[in-house]
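Per-entry structural report
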Amino acid sequence: MKNISILGSTGSIGTQTLDVIKNHKEKFNVVGLSALKNIDELEKQIYEFNPEIVSVFNKEKAKILSNRIGKKIKIVSGIEGLIEVATLNSADIIVTSVVGSIGLIPTLEAIKCSKTIALANKETLVVAGELVMKEAKKYNATIIPVDSEHSAIFQCLQGEDVDNISRIILTASGGSFRNCTKEEIKTAKAEDALKHPTWNMGKKVTIDSATLMNKGLEVIEAKWLFDMDLDKIDVVVHPQSIIHSMVEYKDYSIISQMGTPDMRTPIQYALSYPDRINTNVKKLDFNSLGELSFLSPDTERFPCLSLAYEALKVGKTMTSVLNGANEVLVEYFLQNKIEFYDIPKFIEKAMMVHNPFSYETVDEILEVDKWVRGWIQNQIK
Ligand code: MN3
């Protein structure tokens with residue numbers, strides 16, 4: 001039996017993780033849950049999975065939940081609460097599925113407790129990949145990717161020697177605006193961007209898919225997870241989302257991982273690793289699949305991808321600036337306060353203003369994160 005703690009249990013990845021667990025109650029047991037503020041959903045989860053501890057980030061909401069369910073379960077709140085769920089003694093695996101750089105601190109604390117991390121929070125590696133991987137090594141904590149592309153690569157690497165890799169090929173669906181002209185994209189609203197063609201995901205990552213920033217963040221994530229040089233990470237647009245990513249070896253053999261696009265597959269693999277277990281995800285039917293196609297990403301219509309490569313090339317604190325600016329701008333776009341192309345425009349401006357430096361502590365990173373968020377807010381006002 002593996003004991004699981006989930007950071008962000010009411011979000012898209014969190015609920016799909018619980019769905020996987022529900023199917024394998026003989027293998028997995030929930031010990032910790034946490035949510036930002038959705039206590040109605042959290043309350044249902046508590047009755048169904050009976051955890052030891054629950055964290056509600058919002059303190060007011062934590063109090064309301066506490067009044068509702070009494071003293072049966074320990075309820076904590078704030079960042080301290082999130083850390084408590086992340087470092088729970090009885091937990092074997094911590095699923096980090098909170099959205100944004102808020103995931104960094106609890107992930108680092110879980111690493112210090114040598115937990116196995118099922119990492120679904122890509123922003124953690126984007127803002128502090130070097131530090132996180134260094135700490136994971138130091139504390140002997142295993143990091144297993146949940147992001148579908150990185151899970152694919154992780155699976156393609158099993159039994160192989162990393163020195164034999166020629167390159168990693170990340171596939172991208174192309175997002176909601178893949179077939180739109182620049183003019184159409186310019187005036188598109190958040191609701192249009194939220195109609196993702198192949199994947200069922202949360203709002204933030206769906207907007208990031210539409211801008212291709214998601215793929216940019218994933219390039220950065222891949223660099224740190226697999227210790228790969230930037231020039232060995234390629235992106236190809238593959239609209240059907242059947243091939244979830246590939247690894248090319250030095251004999252130019254390419255190994256890919258395929259399947260129906262369903263996040264429960266990479267989530268389950270992260271929980272069952274190194275084992276494989278049954279699923280009720282839909283089987284891939286080659287007879288009705290039709291054609292698989294591949295295109296190069298269009299950085300003219302989707303400049304965010306180039307900005308991410310640029311930030312990674314500069315390195316140091318620049319990827320934090322990219323990420324912090326993006327998080328704020330996506331939120332504004334979701335509220336229809338800015339246009340689609342304001343996202344890359346202001347990220348680029350922030351990157352030009354910022355003087356990147358080498359960081360050693362998480363506090364330095366958080367300082368940069370705070371700065372860029374304030375800077376963007378001032379620009380939009
Ligand atoms: Mn992905």
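Residues numbered from 1 in each chain as written. Predicted model: local features only at pLDDT ≥ 70, side-chain atom pairs only at ≥ 80, totals over all residues. Heavy atoms only, no water.

1. Points about the overall build of the protein chain
We apply this condition: The numbering of helices and of strands both runs from the N terminus, where a helix is a DSSP run of H or I of at least 4 residues and a strand a run of E of at least 2. Note that the radius of gyration is over C-alpha atoms, with the globule rule given as 2.2 Å times the number of residues to the power 0.38. Think of it in three bands: residues with accessible area under 20% of the maximum for their type are buried, residues over 50% are exposed, and the middle band is partly exposed, with areas taken using a 1.4 Å probe on protein chains only. Any two residues having at least one pair of non-hydrogen atoms within 4.5 Å are treated as being in contact. Neither His nor the chain ends contribute to the count of charged residues, in which Lys and Arg are positive and Asp and Glu negative. Charged side chains are reduced to one point each, which is NZ for Lys, CZ for Arg, CG for Asp and CD for Glu.
Counting secondary structure elements, the protein chain contains 17 helices and 11 strands. The C-alpha radius of gyration computed for the protein chain amounts to 20 Å, which stays within 12% of the reference 21 Å derived for 381 residues, consistent with globular compactness. Among the 381 residues that make up the protein chain, the fraction classed as buried is 54%. Here the analysis covers contacts within the protein chain between residues at least 6 apart in sequence; of these, 68% occur between residues at least 24 apart. Mean positive and mean negative side-chain charge positions of the protein chain (44 and 50 charges, respectively) differ by 5 Å.

2. Notes on the pattern of salt bridges
Opposite charge on two side chains makes pairing possible when the charged atoms of those side chains draw close. Note the cut-off: Note on definitions: salt bridges are taken to be side-chain nitrogens of Lys or Arg within 4 Å of carboxyl oxygens of Asp or Glu.
For the structure shown, the criterion picks out 22 salt bridges. Arg264 is paired through a salt bridge with Asp19; the nearest N and O atoms lie 2.8 Å apart. Placement of the pair is Arg264 in helix α12 (residues 264-272) and Asp19 in helix α1 (residues 12-23), with a sequence separation of 245 residues. Judged by relative accessible area, Asp19 falls into the partly exposed class, the value being 24%. Across the salt bridge formed by Arg68 and Glu43, the nearest N and O atoms sit 2.7 Å from each other. You can see Arg68 sitting in helix α3 (residues 59-69) and its partner Glu43 sitting in helix α2 (residues 39-49), a full 25 residues away along the chain. Judged by relative accessible area, Glu43 falls into the buried class, the value being 17%.

3. Digging into the coordination of the manganese ion
Note the threshold: Atoms are scored as donors when they are N, O or S and lie within 2.8 Å of the metal, with 3.2 Å used for Na, K and Ca; no water is included, so coordination may look incomplete.
Around the manganese ion, the protein contributes the donor atoms Asp147 (OD), Glu149 (OE) and Glu218 (OE), which lie 2.1 Å from the metal centre. Along the chain, the residues donating to the manganese ion fall in the pattern D-x1-E-x68-E. When its relative accessible area of 7% is taken as the criterion, Glu149 is described as buried.

4. Comments concerning the domain arrangement of the protein chain
Here is the rule we go by: Domain ranges listed in this record stem from an automatic or a database domain assignment. By definition, the buried area sums, over both parts, the 1.4 Å-probe accessible area that each loses when the two are put together. By the criterion applied in these results, polar contacts are pairs of N or O atoms within 3.5 Å in which, for protein atoms, one can donate a hydrogen and the other can accept it, and in which residues neighboring in sequence qualify only through two side-chain atoms.
For the protein chain, the assigned domains are domain 1 (2-145) and domain 2 (151-316). Placing a centre on the C-alpha atoms of domain 1 and another on those of domain 2 gives a separation of 25 Å. Sorting the residues of domain 1 by area buried against domain 2 places Gln16, Lys122 and Pro145 first, and these three jointly supply 25% of that buried surface. Residues Lys122 and Glu218 are paired through a salt bridge, measuring 2.9 Å at the closest nitrogen-oxygen approach. For the pair domain 1 and domain 2, the number of links is 8 residue pairs in polar contact (both at pLDDT 80 or more). If you list the elements that add at least two residues to the side of domain 1 that touches domain 2, you get β1 (2-7), α1, β5 (93-96), α6 (122-138) and β7 (143-145).

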